[in-house]
Amino acid sequence: MLIMNEKIKAAEVRLTGLDGESLGIVPTEEALQMAKQLKVDLVCESLMSSPPPCKLIVRGGAKQQASQQKRAEKVKDQPAKVKELRLSVDIEQHDYDTKQRQAVKLLESGNAVQLVIRIQGKEGARAKELLEQLLADLKPYGTKQTGIQLSGKQAAVQVNPN
């Protein structure tokens, strides 16, 4: 909740100018007049100290800044999603590079990546080798959560972002 302009009840405030320069301790009435002259808002940053620190901010800038901060916190609170990338054992080098770029992009955006290779017959060793190579290439961007899991029809490993 923002405390702005006339809602500030303190007798005097520690004022900071538009460019971040300190204007010292000023009576609240004088700070409000200064804000009106400059056509800006007087925003109280904290009520915990005496006198409370206040700042001159461009009109509407404080509300916009608060909503951006709230949005950033909401994004940070969401759990990382696990995105799945499927490969095949007989992958060409160009396709391998494309999958690697996709994995890097997902890891940099904060998502975990599940790498899955469908296997048939005796392709398990080659699938494990391919996943180990991919893990080595993705080392700067993420760390594996578990070891490579070989089950009947697929080999999989999950990589979490750094």
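Summarised in this report is the structure supplied together with it. (Residues numbered from 1 in each chain as written. Predicted model: local features only at pLDDT ≥ 70, side-chain atom pairs only at ≥ 80, totals over all residues. Heavy atoms only, no water.)

Cis geometry marks the peptide bond from Ser50 to Pro51; its omega dihedral reads -5°. By secondary structure assignment, the location of Pro51 is in the loop between strand E4 (40-44) and strand E5 (53-58). In the Ramachandran plot, Asn5 falls in the positive-phi region, its phi being about 45° despite a non-glycine side chain. Within the secondary structure, Asn5 sits in the loop between strand E1 (3-4) and strand E2 (12-16). One non-glycine residue, Lys39, adopts positive backbone phi at about 55°. For Lys39, a relative accessible area of 63% corresponds to the exposed category. (Helix = DSSP H or I, 4+ residues; strand = E, 2+ residues; numbered from the N terminus. Buried < 20%, exposed > 50% of the residue type's maximum accessible area, 1.4 Å probe, protein only.)

On to the sheet that holds E1. The mixed open sheet is built from five strands, whose spatial order is E1-E4-E5-E2-E3. Both edges of this open sheet fall to E1 and strand E3 (22-27), since each of them pairs with a single strand only. Of the pairings in the sheet, the one linking E2 to E3 comprises five bridges and is antiparallel in character. Its bridge partner being in E3, Glu12 is matched across the sheet by Pro27. Sitting on the sheet, helix H2 (residues 61-77) touches E1, E4 and E5, and the angle it makes with E5 is about 100°. (Pairing = 2+ DSSP bridges. Contact = heavy atoms within 4.5 Å. Axes fitted to C-alpha atoms, helices over the stretch in contact; angles between N-to-C directions.)

The residue Leu134 is located in helix H4 (residues 124-138) in this model. With a relative accessible area of 1%, Leu134 lands in the buried category. With 19 residues separating them along the chain, Leu134 and Lys153 place their C-alpha atoms 19 Å apart.

Turning our attention to the pattern of salt bridges. With the rule as written, the count across this model stands at five salt bridges. The salt bridge partner of Asp41 is Arg59, with a shortest N-O separation of 3.6 Å. Here Asp41, found in strand E4, pairs with Arg59, found in the loop between E5 and H2; they are 18 residues apart in sequence, far enough to count as distant. Taking relative accessible area as the criterion, Asp41 reaches 7% and is therefore assigned buried. Among the salt bridges present, the one from Asp90 reaches Arg126, with a minimum N-O distance of 2.7 Å. Taken as a pair, Asp90 in the loop between strand E6 (82-88) and helix H3 (93-108) and Arg126 in helix H4 lie far apart in primary sequence, 36 residues in all. By relative accessible area, Arg126 is classed as partly exposed at 46%. (Salt bridge = Lys/Arg side-chain N within 4 Å of Asp/Glu carboxyl O.)

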